[in-house]
Amino acid sequence: MLNLDFHPSGRHFLQIPGPSPVPDRILRAMSLPTIDHRGPEFGALGLELLDKVKRVFKTDNPVIIYPASGTGAWEAALANTLSPGDRVLMFETGHFATLWQKMARRLGLEPEFLGLPGYEGWRHGVQADMIEMRLREDRDHAIKAVCVVHNETSTGVTSDIAAVRRAIDAAGHPALLLVDTISGLASADYRHDEWGVDVTISGSQKGLMLPPGISFNAVSDKAIEASRRNAMPKSFWAWDEILEANRNGYWPYTPSTNLLYGLNEALDMLLEEGMEHVFARHQRWAAGVRAAVEAWGLEVQCQDPAVYSPVLTGVVVPEGVDADAIRKIIYERFDLSLGMGLGKAKGKMFRIGHLGDCNDLTLIATLGGCEAGMKLAGVDLKGSGVTAALEYFATHPLKADH
C-alpha cells in the first residue's frame, strides 16, 4: 500500500500556494459521521453555510457551491453565462489565466487574449487601460464577457479588480465581468458586490483552508439573467436547479457532505477572527517574506509593489540556476514543499505560500529551509533572509483588534 504519511518526525512543511495546510479544527469537523443529504439536519447545515459564505465573498447575492475543483467553477461560470461562438476578452497574467483561456476555446467560445509580451508580462497585473481601450473599439458589443484572474497563483500578482470594473464602465460596455479568485478568497481583500463582479470563481483549498474538492460561483443578478438566455449546453453546472434546491438548504445531486462540514467550520474560523484581520495578517506575512527575499539579494517575481500578493511570493533565482533543482534539495533535506515555476516561469523561480493555517514561526522555518537549500545549491546570497524576516515580524506586530 502506498504510504502517504511518510514523514519520519515532525510535520511536513506544506508551503505551496495551495492546497494549504488544513487546521485540526477543520479536520475534526470533517471527521463527523456522514448524514442523509436529504434529511432535516443537512438542510439546516446548508442554509447556515450558504448564508455565511456570502460574508466571505462580500455579497448579498447567491453563492453556488459545487463538489468540484476550481477548474469546475471556471467551466460553470462560462457555461452559464455565454453561448458557443461568443467572444470573450481575457487578460494574460500567468499560467492560470492561460489555462482558463484554453478552456474557453475548448468550450467553443472565441477568446481574445490581451497581455504584456513575453515572460516579463507575467510579472505585472491586469492592465485595466488595455481592457478599456479594447472595449471602446468594440462598438458593436460583440465581446460578451471580460475574464480576469484576481490573484495569479503562478506569479504572486494580485490585480486591481475595481480598476477593471471602472474600465468596463468607462468604455460604456455591457460585457459581463468574470473573476477568478480561487487563490485570493479569504486571504486577499475581495468585494464581489462593491467591485461590480458578475461571476466570482473560487475554490476550497487556499484561503478557506480546506482540502480540494469544493468550488464556488458567486453570481450577480445580471449573470443570473444571462444564464436564462444563453445557449451553452450544461446540466451538472446549471445554476437554475442548484439555486432552487438551495432555497431549502439542499442540492439537486449528492453534495460533498463532509467537506461541507469542513466549510462550515472554516467559515466560523474566518468570521470569528474578522475578515479585515485575516487580510492584515496575510499582508504582514507577505511583507516579512519579501524582506527575506530582498536580504538574499534576489528578485520578487511580481515587479509592481502595488499588486504584491499577500498569498504567495515568487522568488526569482539567478540566471543559470535551476529553481526546480533547488526545490528538490529543499524537499529532500528539510521536508519542505515549495511551489514550482509554471509555464513561462518554469525553472526561473519558486513560490513560497504564506496563507491560511500559518504563523510567524512557520514562515521563519520555511525561510530557513529556503536559505539553507539555496546555499547547498551554490546560490550566492547577499545576506540572511531569516534574520531580515525575524526583524520584520518582531518590529511589526499584528494588532489583535478582533
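None of these values were measured; they are calculated from a predicted model. (Residues numbered from 1 in each chain as written. Predicted model: local features only at pLDDT ≥ 70, side-chain atom pairs only at ≥ 80, totals over all residues. Heavy atoms only, no water.)

> Describe the nonpolar core, with residues and values.
With 68 residues, the main nonpolar core has Trp100 and Leu263 as its most contacted residues. Examining the composition of this core, we find that nine residues originate from one element, helix α9 (residues 257–273), more than from any other. Those residues in contact with Trp100 that sit more than four places away from it in its chain are Trp74, Leu78, Met90, Cys147, Val148, Val149, Leu178, Val179, Asp180 and Ile201. Ranked by size, the runner-up nonpolar core spans 30 residues in total, among them Ala292, Val307, Val317 and Ile330. (Core = buried A, V, L, I, M, F, W, Y, C linked by side-chain atoms within 4.5 Å. Buried < 20%, exposed > 50% of the residue type's maximum accessible area, 1.4 Å probe, protein only. Helix = DSSP H or I, 4+ residues; strand = E, 2+ residues; numbered from the N terminus. Contact = heavy atoms within 4.5 Å.)

> Tell me about α9, and name the residues and values.
Helix length check: α9, at 17 residues, gives a terminal C-alpha distance of 25 Å against a target of 24 Å (1.5 Å per residue), a fit within 8%. Among the 17 residues that make up α9, 14 are buried, leaving the element largely enclosed by the rest of the structure. Gly274 sits one or two residues past α9 and shows a positive phi near 100 degrees. (Expected span 1.5 Å × (residues − 1).)

> Just give me the short version of the sheet that holds strand β12 (residues 312–316), but keep the residues and values in it.
Read across the sheet, five strands follow the order β1-β13-β14-β12-β11 without closing on themselves; strand pairing throughout is mixed. A strand with exactly one partner marks an edge of an open sheet, and here the two such strands are β1 (13–15) and β11 (299–300). Across the sheet, helix α10 (residues 275–296) touches β11, β12 and β14 (349–353), and the angle it forms with β12 is around 10 degrees. (Pairing = 2+ DSSP bridges. Axes fitted to C-alpha atoms, helices over the stretch in contact; angles between N-to-C directions.)

> I'd love a proper account of the environment of Thr93, names of residues and values included.
Within the secondary structure, Thr93 sits in the loop between β3 (87–92) and α4 (95–106). For Thr93, a relative accessible area of 1% translates into the label buried. Each C-alpha atom, one on Thr93 and one on Asp160, is 12 Å from the other, the two residues being 67 residues apart in sequence. Beyond its immediate sequence surroundings of up to four residues, Thr93 is in contact with Trp122, His124, Gly125, Val126, Val149, Glu152, Thr155 and Ser159.

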